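Listed below, chain by chain, are the residues.
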Amino acid sequence: MTGARAEAEASDAAGSGDGSGAGDDAEEGDPGAIDAVSAPDAEGRPRRTTRRFPLFTKDTARPEGGGRAASGDAPAPARQWPILAVLGSVGLGLLLVALDAFRFGTILIGAALLAGAVMRWMLPDVGMLAVRSRFTDMVTYGVLGLAIVLLALMAQPSPWLVIPFLDDTLHFTVR
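Because the structure is a prediction, the values reported are computed rather than measured.

Asker: What exactly am I supposed to notice about the packing of helix H4 (residues 102–122) against helix H5 (residues 134–153) here?
Answerer: The axes of two packed helices give the description: the angle between them and the distance between them. Closest axis-to-axis distance for the H4/H5 pair is 8 Å, and the angle between their directions is 160°. Between H4 and H5, the interaxial angle falls into the category roughly antiparallel. Read as a crossing pair, H4 and H5 show a hand that is left-handed. Of the residues in H5, those touching H4 at Arg103, Thr106, Ile107, Ile109, Gly110, Ala111, Leu113, Leu114, Gly116, Ala117, Arg120 and Trp121 are Arg134, Asp137, Met138, Tyr141, Gly142, Leu144, Gly145, Leu146, Ile148, Val149, Ala152 and Leu153.

This is the structure in structure tokens:
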């Protein structure tokens, strides 16, 4: 056993009080946890000393930027304003689609997703708009928003945007 690991296990065993070295969930005779769950115990110390990935995931970390968008004493809508802005815009776009303004409604839905990507990029804390890592959220919201906007602009009849090679590809695959 290396010196650093032995010291870490000794300090972990001394701090826990029961001498098991791995917390209450360790089995009898376990020399210390061998998985990498590093969530802190009740005293705030990490429970594991290894950097290996755990065999079974017990919890997940909050995504970066997943903190509240406003202070904790603010009401819930104020704390989650980024996701509420995106969802409100999407809801308004769906209402426009239902009221037979298809092109404007779908452009609004795509623009709302693009705005979500921009907010995820610009703001340090976006609340529940943060689902995955910042990069993954930006790419997901951006690609989906751009695809929806482009499809709305190319919708038939009388499209506002004509991309010739896409029209040729469609006719080649359908015929």
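Asker: Would you take a moment to explain the side chain of Gln80 for this structure?
Answerer: Here Gln80 lies in the loop between helix H2 (76–79) and helix H3 (81–98). Exposure remark for Gln80: the relative accessible area of 17% places this residue in the buried category. From its side chain, Gln80 meets the backbone nitrogen of Met128 in a polar contact 2.7 Å long. Setting aside chain neighbours within four positions, we find Gln80 in contact with Val126, Gly127 and Met128.

Asker: It is not clear to me how the environment of Ile107 should be interpreted in this structure. Could you clarify?
Answerer: Position of Ile107 relative to the elements: it lies in helix H4. Along the primary structure Ile107 and Leu150 are separated by 43 residues, whereas in three dimensions their C-alpha atoms are 8.3 Å apart. Those residues in contact with Ile107 that lie beyond four places of it in its chain are Val149, Ala152, Leu153 and Trp160.

Asker: Just to check I follow, could you spell out the packing of aromatic side chains for this structure?
Answerer: Two numbers describe a pair of aromatic rings. These are the distance of the centres and the angle of the planes. In this structure the tally under the stated criterion is 1 aromatic pair. Measuring from ring centre to ring centre gives 5.7 Å for Phe104 and Trp160, while their planes differ by 65°; the resulting arrangement is edge-to-face. A residue pair is termed long-range when its members are at least 10 positions apart, and Phe104 in helix H4 and Trp160 in the loop between H5 and helix H6 (164–174) qualify at 56 residues. Side by side, Phe104 and Trp160 carry an identical accessibility label, which is exposed.

Asker: Would you explain a nonpolar patch on the surface in this entry?
Answerer: Judged by side-chain polarity, Leu92, Leu95 and Leu99 come together as a nonpolar surface patch covering roughly 310 Å² of accessible area. Tracing the sequence through the fold places Leu92 in helix H3. Classification of Leu92 as partly exposed rests on a relative accessible area of 47%.

Parameters at a glance
- Residues numbered from 1 in each chain as written.
- Predicted model: local features only at pLDDT ≥ 70, side-chain atom pairs only at ≥ 80, totals over all residues.
- Heavy atoms only, no water.
- Axes fitted to C-alpha atoms, helices over the stretch in contact; angles between N-to-C directions.
- Helix = DSSP H or I, 4+ residues; strand = E, 2+ residues; numbered from the N terminus.
- Parallel < 35°, antiparallel > 145°, perpendicular 65-115°, else oblique.
- Left-handed = near helix turned anticlockwise from the far one by under 90°.
- Contact = heavy atoms within 4.5 Å.
- Buried < 20%, exposed > 50% of the residue type's maximum accessible area, 1.4 Å probe, protein only.
- Polar contact = N/O pair within 3.5 Å; in protein donor to acceptor, adjacent residues only side chain to side chain.
- Phe/Tyr/Trp six-rings, centres within 6.5 Å; stacked < 30°, edge-to-face > 60°.
- Patch = residues over 30% accessible without salt bridge, like charges linked within 9 Å, V, L, I, M, F, W, Y side chains within 5 Å.
- Areas by Shrake-Rupley, 256 points an atom, 1.4 Å probe, with all protein chains shown as cover.
- Salt bridge = Lys/Arg side-chain N within 4 Å of Asp/Glu carboxyl O.

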